[in-house]
Amino acid sequence: MARPFHAAAARVRRLRPSRSRTPAAVGLAPAAHPWRRAFVMLAVVVLGAWLGLLVVGSVRTPVGPMDTTMTLRPSVSGGTKINVSPLGALELDSHHAPVRLDVDVDQLDPERSQALVKHPERLSGLQQEVTDDVASGTRELAFRSCVAVVSGATALGLVVYRRPRRALAAGGLALALLAASGVSAYATWNPKSVLEPKFSGLLSSAPSVVGDARSIVTEFDVYQQELARLVTNVTKLYDATSTLPVYQPDPGTIRVLHVSDIHLNPAAWHIIASLVEQYEIDVIIDSGDTMDHGTAAENGFLDPVRDLGAPYVWVRGNHDSKVTQAYLEKTRNAHVLDEGDAVDVAGLRIAGTGDPQFTPDRARPRGGKAAEQFAGMRLASALRDQKRAGTPVDIAVAHDPNAARETDGTVPLVLAGHLHHRVNELLPLGTRLKVEGSTGGGGLRAVQNEKPEKVRASVLYLDRSTRHLQAWDEITLGGLGLTTAEVGRHLPEENLTSPSPSPSVPTTSP
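If you're wondering where the values come from, they're calculated on a predicted model, not measured in any experiment.

Peer 1: Would you explain the nonpolar core in this entry?
Peer 2: One broad rule of soluble globular proteins: the nonpolar side chains tend to lie buried together. With 32 residues, the main nonpolar core has Leu257, Ile272, Ile284 and Tyr312 as its most contacted residues. Contributing elements (two or more residues each) for this core: β7 (253–259), α9 (267–279), β9 (312–314), β10 (334–336), β17 (455–463) and β18 (469–477). Broken down by element, the residue count for this core peaks at seven residues, all from α9. The residues touching isoleucine 272, leaving out its near neighbours within four places in the chain, are Leu257, Val259, Ile262, Ile284, Leu308 and Thr439. Counting residues in hydrophobic clusters, the runner-up holds 26 residues, among them Val59, Met70, Leu92 and Ala148.

Following this line, the structure appears as structure tokens:
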């Protein structure tokens, strides 16, 4: 009985179709796309490297009297961020690479800080100490970051691919990516970025962290000494139990507060008064559009000008009427400029002209850009007359930048507004044009836009003897309903690219 059964089974097997793979069948099998494999590998490398940096990529190192933590973080724009908790942060445009250096100031070492306070002579050696500490921490951070990215990418590659060779390839690619980022950071490294930090948090109220305008230009070598000064000032901040220090005035610097386009925002007066006190402002220059409709009913809005704590120089904007101008001319503490008029105030000679257009009056024809340029030409003519008379003007003021540009070559610095955003431009004949944003946050327009317009003002530092611009701080506050604050320190290009002269001593003419 068994033999016929086996014979039948053999016949069934012969009748079944063969399951052997033919070359055609192999060709029809779906193949993985190379670009998809490359994308998965790139994702594994980037994610693994980031996780590695997150877990083991930090280095704790002392910098002078402070204990800090240095970390590399993935970033689109690069740069350096120094977190000084709880005082705020400083951001430096130090390099352009896909990694950012984060430095967290963890705490101040009591023994080291007290030694500096008790022995001020040690501050002279702080420069070299800080430089050595930063160099040592950077070397350790570079080594640890290499280990972190290789370990993270290899570990994640092993989880995803389950093949040691693929995992090692992911680790190698991560190391190559970090090396390329390091080369990019080195190639774009800008040590002078420490001269133009952006402050946030409570540090925005402490401009003395980077020193005064004269010392920042003339007293020390760009990077190392400024870094030492930063550490010294942070030490002082902590030593004062996080209370902000008083801004020490530089006797060789005139401080000018430039405001513009208040547009009937009453909060602007409080901001201006606070800046006058905090920065010890010598003179306020308003480049117009203080009002919104220029009616007589709005005149009472100008009354706080009397008590701002500094002389108030003003030119008419296209939202300010002659009625507004007449009222302000009678206001104590105000200096109204028009048609090239000049005034001597706070050691400066300032001239300006009002806007030739009053746009709220729809019945009057508008002259447009041509009218602004003609007003600027009249102002330039007045400036040349002042120079021929032996009383050259230091700062010119116009509301519209089209008018301001016509003064090129007749004055070192011209201020304007109107645009509601900042412009800093060195004109072809050597005049620097500075356009301020809206100090009133756009005024009534702040409630019409989707996002509130920011409040902007600038503090300009001018040498008392030469009356040349040394530096300026751009102050930016959050608009309606916001509480953010930033202060950015900037220097003219000539102070960044050429050796700075030694400090000049103010002189008195007989």
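Peer 1: Help me out: how do you make sense of the pairing of β18 in this one?
Peer 2: In summary, the side chains of a regular strand alternate between the two faces of the sheet. Most of β18 is tucked away: eight of the nine residues are buried. Hairpin connection between β17 and β18: a loop of five residues separates the two successive antiparallel strands, and arginine 467 in this loop has a positive phi of roughly 60 degrees. When β18 meets strand β19 (residues 485–490), the two strands line up antiparallel, connected through six bridges. If you follow leucine 477 over to β19, its bridge partner there is alanine 485.

Peer 1: Sorry, what's going on with the pattern of salt bridges here?
Peer 2: Oppositely charged side chains can form a pair if their charged atoms are brought close together. Tallied over the full model, the rule gives 10 salt bridges. Two residues, arginine 388 and aspartate 385, come together in a salt bridge whose shortest N-O distance is 2.3 Å. Pair noted here: arginine 388 and aspartate 385 are both in helix α11 (residues 368–388), with a separation of three residues, about one helical turn. On the basis of relative accessibility, which here comes to 63%, the residue arginine 388 falls in the exposed class. The partly exposed category is assigned to aspartate 385, whose relative accessible area is 39%.

Peer 1: Where do I start with unusual backbone geometry in this structure?
Peer 2: A negative phi holds for most residues other than glycine; trans holds for most peptide bonds. For asparagine 333, which is not a glycine, the phi torsion comes out positive at approximately 85 degrees. With respect to the element layout, asparagine 333 can be found in the loop between α10 (322–329) and β10. A relative accessible area of 24% means that asparagine 333 is categorised as partly exposed. Even without glycine at this site, glutamate 339 takes up a positive phi of about 55 degrees.

Peer 1: Quick question: what am I supposed to make of the packing of aromatic side chains here?
Peer 2: Each aromatic ring pair is described using two quantities: the centre-to-centre distance and the angle formed by the ring planes. All chains considered together, the criterion is met by two aromatic pairs. Where tryptophan 269 meets phenylalanine 301, the ring centres are 5.3 Å apart and the plane angle is 45 degrees; that geometry is what we call tilted. With tryptophan 269 in helix α9 and phenylalanine 301 in the loop between β8 (283–286) and β9, this residue pair connects regions lying 32 residues apart in the sequence. Phenylalanine 301 matches tryptophan 269 in its accessibility class, with the two residues each being buried. Pairwise contacts between aromatic rings join Trp269, Phe301 and Tyr312 into one cluster.

Peer 1: For this particular structure, what's the right way to read empty space enclosed by the protein?
Peer 2: Any empty space left between atoms is shown by rolling a water-sized probe over those atoms. The tally for this structure, following the rule as stated, stands at two cavities of 30 Å³ or more. Of the volumes computed, that of the second largest cavity is approximately 40 Å³. As for the second largest cavity, its lining consists of His258, Arg422, Val423, Asn424, Lys434, Val435, Glu436, Ser458 and Glu474. Every element with two or more residues in the lining of the second largest cavity is listed here: β15 (423–426) and β16 (432–435).

Peer 1: Would you mind showing me how to read the pairing of β7 here?
Peer 2: In terms of residue burial, β7 counts as a mostly covered element, since seven of its seven residues are buried. Burial of the side chains of β7 extends over both faces: Thr253, Arg255, Leu257 and Val259 are buried on one face and Ile254, Val256 and His258 on the other. Sheet analysis places β7 next to β17, joined by six bridges and oriented antiparallel. Of the residues in β17, the one forming a bridge with histidine 258 is serine 458. Examined bridge by bridge, β7 and β8 share four bridges and lie parallel to one another. Bridged to histidine 258 within β8 is isoleucine 285. Of the crossover connections in this fold, the one passing from β7 over α9 to the parallel β8 is right-handed.

Peer 1: Looking at this structure, I do not really get the confidence of the model for the protein chain. What am I missing?
Peer 2: In regions of low pLDDT, the predicted coordinates are not meant to be interpreted in detail. Chain-level pLDDT for the protein chain is 78 on average; 72% of the residues reach the 70-or-more range. Between residues 237–249, whose pLDDT stays under 50, and residues either more than four places distant or in other chains, the model counts 34 contacts. Overall, residues 498–510 carries pLDDT values under 50, and its contacts beyond four positions in sequence, including any with other chains, amount to 12 contacts.

Peer 1: Where do I start with a nonpolar patch on the surface in this structure?
Peer 2: A contiguous nonpolar patch, built from Leu47, Trp50, Leu51, Leu54, Val55 and Val56 and spanning about 530 Å² of accessible area, is present on the exposed surface. Tracing the backbone shows tryptophan 50 in helix α3 (residues 34–56).

The rules behind each value
Residues numbered from 1 in each chain as written. Predicted model: local features only at pLDDT ≥ 70, side-chain atom pairs only at ≥ 80, totals over all residues. Heavy atoms only, no water. Core = buried A, V, L, I, M, F, W, Y, C linked by side-chain atoms within 4.5 Å. Buried < 20%, exposed > 50% of the residue type's maximum accessible area, 1.4 Å probe, protein only. Helix = DSSP H or I, 4+ residues; strand = E, 2+ residues; numbered from the N terminus. Contact = heavy atoms within 4.5 Å. Pairing = 2+ DSSP bridges. Salt bridge = Lys/Arg side-chain N within 4 Å of Asp/Glu carboxyl O. Phe/Tyr/Trp six-rings, centres within 6.5 Å; stacked < 30°, edge-to-face > 60°. 1 Å grid on protein atoms, 1.4 Å probe; cavity = no way out; pocket = protein on both sides within 12 Å on 5 of 7 lines; lining within 4 Å. Points joined across faces, edges and corners; volume = space filled by probe spheres on them. Right-handed = clockwise from strand over helix to strand, strands pointing away. pLDDT = per-residue confidence, 0-100. Patch = residues over 30% accessible without salt bridge, like charges linked within 9 Å, V, L, I, M, F, W, Y side chains within 5 Å. Areas by Shrake-Rupley, 256 points an atom, 1.4 Å probe, with all protein chains shown as cover.

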